[in-house]
Amino acid sequence: LDSVGTVASLANRFLLRSKMPTKKQIVFWDRILVRASGVVDPLLFRAVGKSILSIWHRRENGATTSN
C-alpha cells in the first residue's frame, strides 16, 4: 500500500537529499498523498508501495490465521 507515498519518500531522499521529512511534508503526505494512494493503489493491484496490511482472525478454538 501507499504507492504515491513511496514515490514521495524516494524523491525526499534522493532529490531533496533529506533523511527525514519536515513537519510540513508530513502534513502534505497525510492530507494529500494518502488519499491519492487510495485511488492509485487499486489501479496498480496493490503491488507497489511501502506498507503491508495483514488481517488476523481468531478461530473459536483460540488458534489464529492470517489472510
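Up top you'll find the structure we're talking about.
Let me begin by describing the structure that accompanies this report. This one's a predicted model, so the numbers in the text were calculated from it and none came from an experiment.

## Quick word on unusual backbone geometry
Part 1: Its identity as a non-glycine residue notwithstanding, Asp2 has a phi of 70°, on the positive side.
Part 2: Inspection of the secondary structure puts Asp2 in the segment before α1 (3-14).
Part 3: The phi dihedral of Arg17 falls on the positive side, at around 55°, and the residue is not glycine.
Part 4: Examined against the element boundaries, Arg17 turns out to sit in the loop between α1 and α2 (23-43).

## Describing the side chain of Thr6
Part 1: Among the secondary structure elements, Thr6 is positioned in helix α1.
Part 2: Within polar-contact distance, the side chain of Thr6 engages the backbone oxygen of Asp2 at 3.0 Å.
Part 3: Ignoring sequence-local partners within four residues, the contact set of Thr6 consists of Gly49 and Lys50.

## So, the environment of Val48
Part 1: In this fold, Val48 is placed in the loop between α2 and β1 (56-58).
Part 2: For Val48, a relative accessible area of 39% gives the class partly exposed.
Part 3: A C-alpha to C-alpha distance of 6.5 Å links Val48 and Leu1, two positions 47 residues apart in sequence.

## Here we look at the pattern of salt bridges
Part 1: Here the structure, examined in full by the defined rule, presents 1 salt bridge.
Part 2: Residue Asp2 is joined to Lys50 by a salt bridge in which the shortest nitrogen-to-oxygen separation is 2.9 Å. Here the residue Asp2 occupies a position in the segment before α1, and Lys50 occupies one in the loop between α2 and β1, the gap between them amounting to 48 residues.
Part 3: On the accessibility criterion, Asp2 (10% relative accessible area) is buried.
Part 4: Lys50 sits in the partly exposed class, given a relative accessible area of 45%.

## A look at α2
Part 1: Between its terminal C-alpha atoms α2 stretches 29 Å, which fits the 30 Å expected from 21 residues at 1.5 Å a residue.
Part 2: At Trp29, α2 is deflected by roughly 40°, the largest bend along its length.
Part 3: Among the residues of α2, Trp29, Leu33, Ser37 and Asp41 are the ones counted as buried.
Part 4: Looking at the packing, one finds that the buried side of α2 touches α1.

Calculation criteria
Residues numbered from 1 in each chain as written. Predicted model: local features only at pLDDT ≥ 70, side-chain atom pairs only at ≥ 80, totals over all residues. Heavy atoms only, no water. Helix = DSSP H or I, 4+ residues; strand = E, 2+ residues; numbered from the N terminus. Polar contact = N/O pair within 3.5 Å; in protein donor to acceptor, adjacent residues only side chain to side chain. Contact = heavy atoms within 4.5 Å. Buried < 20%, exposed > 50% of the residue type's maximum accessible area, 1.4 Å probe, protein only. Salt bridge = Lys/Arg side-chain N within 4 Å of Asp/Glu carboxyl O. Expected span 1.5 Å × (residues − 1). Bend = angle between axes of the 7 residues up to and from the residue.

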